[in-house]
Amino acid sequence: MSAEAPLRAAIEDAVEVRSLLVATDLDGVLAPFAREPMDARPWPGSIDTLRALADLPGVHVAVVSGRDLETLRTLTGIAPDEPIVLIGSHGAESSDPAVREAMEAAAVTPEDEQRLAELRADISALIEEEHPRASLEHKAAAVVVHVRGIDRAEGDAAIAAARERALSHPGVKVLKGKSVLELTVSHADKGSAVTALGRAVGAGARFYFGDDVTDEDAFVRMRRTHDVTVKVGTGSTAARHRLDDEAAVAACLQTVLRRRRAAEVDESA
Ligand SMILES: O=P(O)(O)OC[C@H]1O[C@H](O[C@H]2O[C@H](CO)[C@@H](O)[C@H](O)[C@H]2O)[C@H](O)[C@@H](O)[C@@H]1O
């Protein structure tokens with residue numbers, strides 16, 4: 001689906017703003033879902049579009065994800081010397097110093113690490129012994145139970161059991177995502193991280209593309225006149241616009257690039 005008229009109008013408006021932030025989530029937005037977390041890859045051309053956007057004067061680009069920073073770098077192929085900010089672990093990690101500083105209060109403490117180690121051991125034993133068809137992903141600040149591709153009832157049972165077990169661990173936050181249950185000791189959220197980046201670069205207009213519950217933290221924080229928030233797929237949302245899928249996101253990013261190139265932005269303003 002190409003961008004609907006209200007989204008096209010919002011893009012036309014935003015690209016005229018001198019300092020622009022274009023931020024996007026990874027899984028389910030830039031990259032279609034895959035059964036194995038490490039098999040997910042960005043839609044062809046979408047990272048190059050982000051690179052082209054980041055090369056334009058006044059445009060700042062970020063990829064924001066629940067993935068940890070190292071994995072995010074691997075999956076996007078964005079090198080450390082490229083002018084694209086990576087925000088990982090739902091805001092707890094970032095390649096950008098301003099974001100790191102803003103998120104310092106949410107940093108994982110030694111106590112959190114101890115909690116996470118206990119949680120990992122407990123959840124690993126539970127999945128291995130009682131739900132062996134589910135799988136685990138171990139991240140810097142979280143353990144994730146994956147049930148994509150397995151029988152629905154079995155997946156639901158694994159998620160319910162993991163949720164119950166996690167609740168017996170104080171200080172662990174439970175996030176239900178798409179065919180995943182993320183159990184995290186991080187206190188960060190994508191909304192705080194992405195708005196910190198927007199402040200740091202003086203963004204007068206902010207784009208955010210997201211598909212999942214953790215992206216709602218960004219949508220609710222981005223309510224200024226020129227902000228363009230886009231929910232990918234179905235489900236209730238605080239975003240102002242919608243797109244169907246990753247192909248539509250790639251096309252929309254191309255539109256933003258084209259329209260920004262065509263816009264007559266006064267750099268000195
Ligand atoms: O914030 P995001 O970039 O959207 O990351 C959220 C979670 O994405 C990953 O899980 C999702 O993608 C997997 C690969 O396509 C898929 O197998 C899984 O079912 C999806 O939920 C990732 O594995 C998680 O760690 C992220 O938190």
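The model shown is predicted, which means the values in this text are computed figures rather than measured ones. (Residues numbered from 1 in each chain as written. Predicted model: local features only at pLDDT ≥ 70, side-chain atom pairs only at ≥ 80, totals over all residues.)

Caption draft 1: Geometry of helix 6 (residues 152–167). Helix length check: helix 6, at 16 residues, gives a terminal C-alpha distance of 23 Å against a target of 22 Å (1.5 Å per residue), a fit within 8%. Residues of helix 6 that are buried include every one of Gly155, Ala158, Ile159, Ala162 and Ala166, and no others. The buried residues of helix 6 occupy an angular sector of 95° when the element is viewed end-on, so they sit on one face. Exposed side chains of helix 6 directed beyond 90 degrees from the buried face belong to Ala153, Asp156, Ala160, Glu164 and Leu167. (Helix = DSSP H or I, 4+ residues; strand = E, 2+ residues; numbered from the N terminus. Expected span 1.5 Å × (residues − 1). Buried ≥ 20, exposed ≤ 12 C-beta atoms within 10 Å, placed from the backbone. Arc of directions from axis to C-beta.)

Caption draft 2: Geometry of the environment of His90. Here His90 is to be found in the loop between strand 3 (84–88) and strand 4 (93–94). His90 gets classed as buried once you count the C-beta atoms within 10 Å, which come to 31. Sequence separation of His90 and Asp217 is 127 residues, and the distance between their C-alpha atoms is 9.9 Å. Excluding its chain neighbours within four sequence positions, the residues that come into contact with His90 are Gly66, Ser186, Ala188, Asp189, Lys190 and Thr214. (Contact = placed C-beta atoms within 7 Å.)

Caption draft 3: Inspection of the site of the ligand at higher detail. Taken together, 24 residues lie around the ligand, and Leu26, Asp27, Pro37, Ser65 and Gly66 are the ones closest in. Counting residues per element, the ones that place at least two in the shell around the ligand are strand 6 (142–146) and strand 8 (180–184). In terms of residue class, the shell around the ligand is built from seven nonpolar, seven polar and 10 charged. Two domains each provide a minimum of three residues to the shell around the ligand, namely domain 1 (5–106 + 188–262) and domain 2 (110–184). (Near = placed C-beta within 6 Å. Nonpolar A, V, L, I, M, F, W, Y, C, P; charged D, E, K, R; others polar. Domains from an automatic or database assignment.)

Caption draft 4: Up close: the domain arrangement of the protein. When cut into domains, the protein gives domain 1 (5–106 + 188–262) and domain 2 (110–184). Looking at the side of domain 1 that touches domain 2 residue by residue, the classes come out as four nonpolar, four polar and four charged.

Caption draft 5: Expanded view of the nonpolar core. Ala62, Val145 and Val249 are the most contacted members of the largest nonpolar core, which totals 75 residues. Among the elements that take part in this core, helix 9 (residues 246–262) stands out by supplying seven residues, more than any other. Counting only domains with at least three residues in this core, you end up with domain 1 (5–106 + 188–262) and domain 2 (110–184). Not counting chain neighbours up to four residues away, the residues in contact with Ala62 comprise Leu21, Ala23, Ile84, Val85, Ile87, Val194 and Leu197. (Core = buried A, V, L, I, M, F, W, Y, C linked by C-beta atoms within 7 Å.)

Caption draft 6: Representation of the sheet that holds strand 5 (residues 135–138). With respect to topology, four strands assemble into an open sheet ordered 5-6-8-7, the strand pairing being antiparallel. What marks the edges here is a single partner per strand, and that holds for strand 5 and strand 7 (173–176). This sheet shows a mean twist of 20° between the axes of neighbouring strands, independent of strand direction. Against the sheet, helix 5 (residues 110–130) contacts strand 5, strand 6 and strand 8, and its axis sits at roughly 15° relative to strand 6. (Pairing = 2+ DSSP bridges. Axes fitted to C-alpha atoms, helices over the stretch in contact; angles between N-to-C directions.)

Caption draft 7: Looking closely at unusual backbone geometry. Positive phi, normally seen in glycine, also occurs at Ser89, with a value near 50°. Looking at where Ser89 falls in the secondary structure, it is placed in the loop between strand 3 and strand 4. Ser89 gets classed as buried once you count the C-beta atoms within 10 Å, which come to 26. In this structure, Ser179 is a non-glycine residue whose phi angle is positive, near 60°. On the neighbour-count criterion, Ser179 (17 C-beta atoms within 10 Å) is partly exposed.

Caption draft 8: Broad picture of the pairing of strand 10 (residues 228–232). Counting buried positions along strand 10 gives five out of five residues, so the element sits mostly inside the fold. Along strand 10, one buried face is formed by Val228, Val230 and Val232 and the opposite face, lined by Thr229 and Lys231, is buried too. Relative to strand 10, strand 9 (residues 205–210) runs parallel, the two sharing four bridges. The partner of Phe209 across the bridge, within strand 10, is Val230. As for the winding sense of the linkage, the β-α-β connection from strand 9 through helix 8 (residues 213–221) to strand 10 is right-handed. (Right-handed = clockwise from strand over helix to strand, strands pointing away.)

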